[in-house]
Amino acid sequence: MFAVNDLKSLRGDSMEPASTREKILFDLLGKASDFYEYTVGILSSIFEITEFVSKGSPEEDFFSCVTSVLIAESRCENASIFMVEGDEVVLKAASGKAVSDVNPSVSMILGEGVAGTCAKEGRTILVSDVKDCDFFKEIDTTKVRIGSMLCVPIKEGNKTLGVMNLSHSSKRFFNVHYMRVFELLGLLIGQMLTLVHLYQIFRRKNSDLNDLLRQKDESLRSITERYKAVVDASEEMICILDGSGRVSFLNSALQRYLASPPHTAAEIFDEASAERILDKMASLARDRSMEFDLSVKVGEKADIIGQFFIKHIDHDQVLVILRDVTAKKRMEQKTMQTEKLTSLGLLTSGIAHELNNKLTPILGFADLIDAESMNSQDRKRLSVIINAASAAKGIVESLLKFSRNKPPEKDIFDVREVIRRTVNLYSPIIKKRGISIVSEDSTDPLCIKADMNCIEQVLVNFINNSIDAIDEEQGNIWIRSCLKDDHVLVSIEDTGPGIPESVMTKIFDPFFTTKPKDKGTGLGLSICYGIITDHKGEVFLENTMNGAMATMKIPVVRDVEGARPAERTDHDPIQPSEADRRSLIMVVEDEEDLMDLMVDTLSPFYTVMTFENGKKAYDHIEEHAWELIISDLRMPVMNGMELYEEAVKRNPGLRKRFMFITGDTYDFQVKEFLESTGVTYLRKPFRIKELRDTVSRQLQYRAVRE
């Protein structure tokens, strides 16, 4: 690194005196010491810059650090860095004498000035004297005095990124040794600048990623909070269980029924139900779900019918959703019950209608037989026939009540009167059996619009069931009545064993009974259900701490002004008047036995003409001045309703001369027809006296009206 001539001067064969050699030697040692010191300073600069880069500082600070370190560790007076930006080199940092802030407007075109030429050509330029440099460009605004310069390219590979510009006020300050060291430093700074760029990109990307993660985290937290709010607001009971039944989550709807936070499924559900749920979970395949219904007890809540939905949501986590469908299931059962009763009611009513057609001639002709002319044995036999037919008539009436198709005679009355009458009826009977009956009535009137006989029948059925439940034991029966939510509630509670849960859903089924064969037919509660439903009410059965309790609920009637109890008066026998005798009566009946019965019954008093269907009767409607037209409702070709409509249309004066005989009052169309027309009708099976009295009354009323 030293000059060759300097080395030669150190040889022993030199002719120069010793003092000269010593001077040369000291000069060489001074240069070597300066170079060594300078080299150490540059290496120290590299170390400091490396340390700075490792801290991840921004690019602007990196440039300032490089120029500051160069000034501190080298002997140059001024240092600056220009970076290539398009067709220009722009000043990024500067340090040294008379340098304060960096002027960002300082720039030059590539190829212009020392820095521009260095950047364009990508080579180091050493200017020993700026006055001898043709492309040196003096900046008017600069306060720096420059004697010599060293401009080194900052490179990454073959690409020039910028230039490192060093200057000194002295001429020939920089030499070739400086140039080589600073060229190496320019390459290192280029590599470090690449690292700074990468770091900047990484930091920016990292910052963007952190912002995105923060946004996602906030969004996830918000979504989680919303989902939790939705889950907590849900009326469905929700929990998450693992395979062993441990609880990791439950919502507010489920927590509401628990005294404390549960740890296992057994602390939520009853033991048997918890085991069944865990068995269902164990049999559930991955990515599958399952639905099932189960009667379950949840915490302190009474047994419910639960609709379960379970689904795997993680490796060992199962989502359990429980919906209380008790009310829904009971409503479905009630609907099925209503449908069953409706279907059976129609069937029963149809049978009752046919039985009425057969019972009517039996009872009628039995009444026409002259019992006085018979011997005692025949009179006894006739009595058996009449009694058996009358009993059959009573059975048919019960069937009609069961089917709810006998038109109820609804009036407004105070249900407390019916309760008192029923209690008075039963008190002496059950007292001998050690059963006491207690009535706890409301102090306020409990008026309803209903068929008094029907309500009485419901009370009787419920009381009979209570007596049978208590059986031979001593016990109590409480009858309570009150007003609640615009409904009258009447409950009958007993001290019997209660109703087994297994039969609770079938208790209103027709012909279902838990009594021995000789004690029950299974129609009692079905009839009660039908009666109360027909009155737009509801009936409930439940077990209590004492036994069982039946409750009927019927809408209250608040406006009772003008209301009166149903009158139950029996008309005295009416005998045909002389004026009505031999009146001309048309009888329209398709049943031959019934037609013969009516002819035999009426012909002794009136002139009777018969027709087997409505069409034949209508064809003769104008032939005579009919005093009364007695017609069946159900007939082939033309029924009684059609005959009435066509006859009245043809002759409106016949409107009040019709009378119908029918056992078909279960049919809605028939009921509507009878109510809308107000025509008198006689329900089958009837007795001879009823037929004669009704006909005579109709003829007398018609005579009065006309």
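Residues numbered from 1 in each chain as written. Predicted model: local features only at pLDDT ≥ 70, side-chain atom pairs only at ≥ 80, totals over all residues. Heavy atoms only, no water.

Asks: Explain the overall build of the protein to me, using residue names and the numbers behind them.
Replies: Regarding its fold elements, the protein presents 17 helices and 23 strands. Surface accessibility of the protein: about 38,800 Å² in total, with carbon and sulfur atoms responsible for 52%. (Helix = DSSP H or I, 4+ residues; strand = E, 2+ residues; numbered from the N terminus. Areas by Shrake-Rupley, 256 points an atom, 1.4 Å probe, with all protein chains shown as cover.)

Asks: Would you mind going over the side chain of T360 in detail, with residue names and values included?
Replies: Within the secondary structure layout, T360 lies in helix 8 (residues 326–368). The residues touching T360, leaving out its near neighbours within four places in the chain, are L594, L597, K684, P685 and F686. (Contact = heavy atoms within 4.5 Å.)

Asks: So what's going on with the sheet that holds strand 6 (residues 159–168)? Residues and values would help.
Replies: Spatially, the 6 strands line up as an open sheet ordered 3-2-1-6-5-4, and their pairing is antiparallel. With one partner strand each, in any of the chains shown, strand 3 (107–109) and strand 4 (125–127) form the two edges of the open sheet. Along the sheet, successive strands turn relative to each other by an average axial angle of 20°, direction set aside. Lying over the sheet, helix 4 (residues 113–121) contacts strand 1 (78–85), strand 2 (88–96), strand 3, strand 4, strand 5 (148–156) and strand 6, oriented at roughly 30° with respect to strand 5. Running at roughly 35° to strand 5, helix 5 (residues 176–233) makes contact with strand 1, strand 4, strand 5 and strand 6 of the sheet. (Pairing = 2+ DSSP bridges. Axes fitted to C-alpha atoms, helices over the stretch in contact; angles between N-to-C directions.)

Asks: Before we move on, can you summarise helix 15 (residues 640–650) with the specific residues and values?
Replies: Two residues of an α-helix separated by three or four positions point the same way, owing to the 3.6 residues in each turn. Of the positions making up helix 15, those classed as buried are G640, M641, L643, Y644, A647 and V648. Here the buried residues of helix 15 occupy an arc of 160° about the axis, which is enough to place them on one side. The residue sitting at the N-terminus of helix 15 and contributing the capping side-chain oxygen is N639; that oxygen lies 3.1 Å from the backbone nitrogen of M641. (Buried < 20%, exposed > 50% of the residue type's maximum accessible area, 1.4 Å probe, protein only. Arc of directions from axis to C-beta. Polar contact = N/O pair within 3.5 Å; in protein donor to acceptor, adjacent residues only side chain to side chain.)

Asks: Mind laying out the packing of aromatic side chains, listing which residues take part and the relevant values?
Replies: All told, the structure shown has 10 aromatic pairs when counted by the stated rule. Consider the rings of F173 and F174, whose centres lie 5.0 Å apart with planes at 90°: the pair is edge-to-face. Both residues of the pair, F173 and F174, count as buried. Here the aromatic rings of F292 and F308 are separated by 5.1 Å at their centres, their planes lie at 5°, and the arrangement is stacked. Linking F292 in strand 9 (residues 289–296) with F308 in strand 10 (residues 304–312), this pair joins segments that are 16 residues apart in sequence. Here F292 and F308 have matching classes, each one buried. An aromatic cluster is present here, built from Y644, F658, F660 and F673 joined pairwise through their rings. K280 extends its terminal NZ or CZ atom over the ring of F292, reaching a point 5.1 Å from the ring centre. Over the ring of Y618 we find R650, and its NZ or CZ is 5.1 Å from the ring centre. (Phe/Tyr/Trp six-rings, centres within 6.5 Å; stacked < 30°, edge-to-face > 60°. Lys NZ or Arg CZ within 6 Å of the ring centre and 35° of its normal.)

Asks: Hey, could you go over the sheet that holds strand 8 (residues 247–250) for me, with residue numbers and the actual values?
Replies: A sheet is described by the order of its strands in space; here 5 strands give the open sequence 8-7-11-10-9, paired in antiparallel fashion. Two strands close off the open sheet at either side, each with one partner strand: strand 8 and strand 9. Strand-to-strand, the axes of this sheet are offset by a mean angle of 25°, without reference to chain direction. Bridging between strand 7 (residues 237–242) and strand 11 (residues 317–324) involves 6 bridges; their strand directions are antiparallel. Pairing of L241 across the sheet is with V318, part of strand 11. Sheet strands in contact with helix 7 (residues 271–282) are strand 7, strand 9, strand 10 and strand 11, and its direction is about 170° off that of strand 9.

Asks: So what about the nonpolar core? Which residues, and what values?
Replies: By size, the foremost hydrophobic cluster in this structure holds 41 residues, and its most contacted members are I448, I455, F462, I479, V490 and M552. The leading source of residues in this core is helix 11 (residues 452–470), at 9 residues. The residues touching F462, leaving out its near neighbours within four places in the chain, are I492, L525, C528, V539 and A550. (Core = buried A, V, L, I, M, F, W, Y, C linked by side-chain atoms within 4.5 Å.)

Asks: Please provide a residue-by-residue account of a negative patch on the surface, values included.
Replies: Together, E592, D593, D596 and D600 line one region of the surface with negative charge. What makes D593 partly exposed here is its relative accessible area of 45%. (Patch = residues over 30% accessible without salt bridge, like charges linked within 9 Å, V, L, I, M, F, W, Y side chains within 5 Å. Salt bridge = Lys/Arg side-chain N within 4 Å of Asp/Glu carboxyl O. Lys, Arg positive; Asp, Glu negative; His and termini not counted. Charge placed at Lys NZ, Arg CZ, Asp CG, Glu CD.)

Asks: Can you lay out the side chain of S466 for me, pointing to particular residues and giving the numbers?
Replies: On the secondary structure map, S466 appears in helix 11. Among the polar contacts listed, one links the side chain of S466 to the side chain of D494, at a separation of 3.0 Å. Every residue in contact with S466, bar those within four places of it in the chain, is listed here: I477, I492 and D494.

Asks: Any chance you could break down unusual backbone geometry for me, citing the residues and the numbers?
Replies: The amide bond that connects K684 to the next residue, P685, takes the cis arrangement and shows omega of -5°. Relative to the elements of secondary structure, P685 occurs in the loop between strand 23 (680–683) and helix 17 (688–705).

Asks: Tell me about helix 11, residues and numbers included.
Replies: The end-to-end C-alpha separation of helix 11 is 27 Å, in line with the 27 Å expected for 19 residues at 1.5 Å each. Of the positions making up helix 11, those classed as buried are M452, C454, I455, Q457, V458, L459, N461, F462, I463, S466, I467 and I470. Where helix 11 terminates, the next one or two residues include D471, which has phi positive at roughly 60°. (Expected span 1.5 Å × (residues − 1).)

Asks: Which residues make up a nonpolar patch on the surface, and what values go with them?
Replies: Together, L195, L198 and I201 line one region of the surface with nonpolar side chains, adding up to about 270 Å² of accessible area. Mapped onto the elements of the fold, I201 is located in helix 5. With a relative accessible area of 39%, I201 lands in the partly exposed category.

Asks: Explain the environment of T422 to me, and be specific about the residues and the numbers.
Replies: Mapped onto the secondary structure, T422 falls in helix 10 (residues 415–431). In this structure, the C-alpha to C-alpha distance between T422 and V460, residues 38 residues apart in sequence, is 7.2 Å. Setting aside chain neighbours within four positions, we find T422 in contact with E456, L459, V460 and I463. There is a polar contact of 2.7 Å between the side chain of T422 and the backbone oxygen of V418.

Asks: Describe the confidence of the model for the protein, listing the residues and the values that go with them.
Replies: Chain-level pLDDT for the protein is 79 on average; 78% of the residues reach the 70-or-more range. Here residues 562–573 is modelled with pLDDT under 50, and outside its nearest four sequence neighbours on either side it reaches 11 contacts, counting other chains as well. (pLDDT = per-residue confidence, 0-100.)

Asks: Describe the pairing of strand 1, listing the residues and the values that go with them.
Replies: The buried fraction of strand 1 amounts to 6 of the 8 residues, a majority that puts the element mostly inside the structure. Where strand 1 lies against strand 2, 8 bridges are found, and the strand directions are antiparallel. Paired with F82 across the strands is L91, a residue of strand 2. Counting the residues that bridge the hairpin from strand 1 to strand 2 gives 2 residues, and of these G86 lies at a positive phi of roughly 70°.

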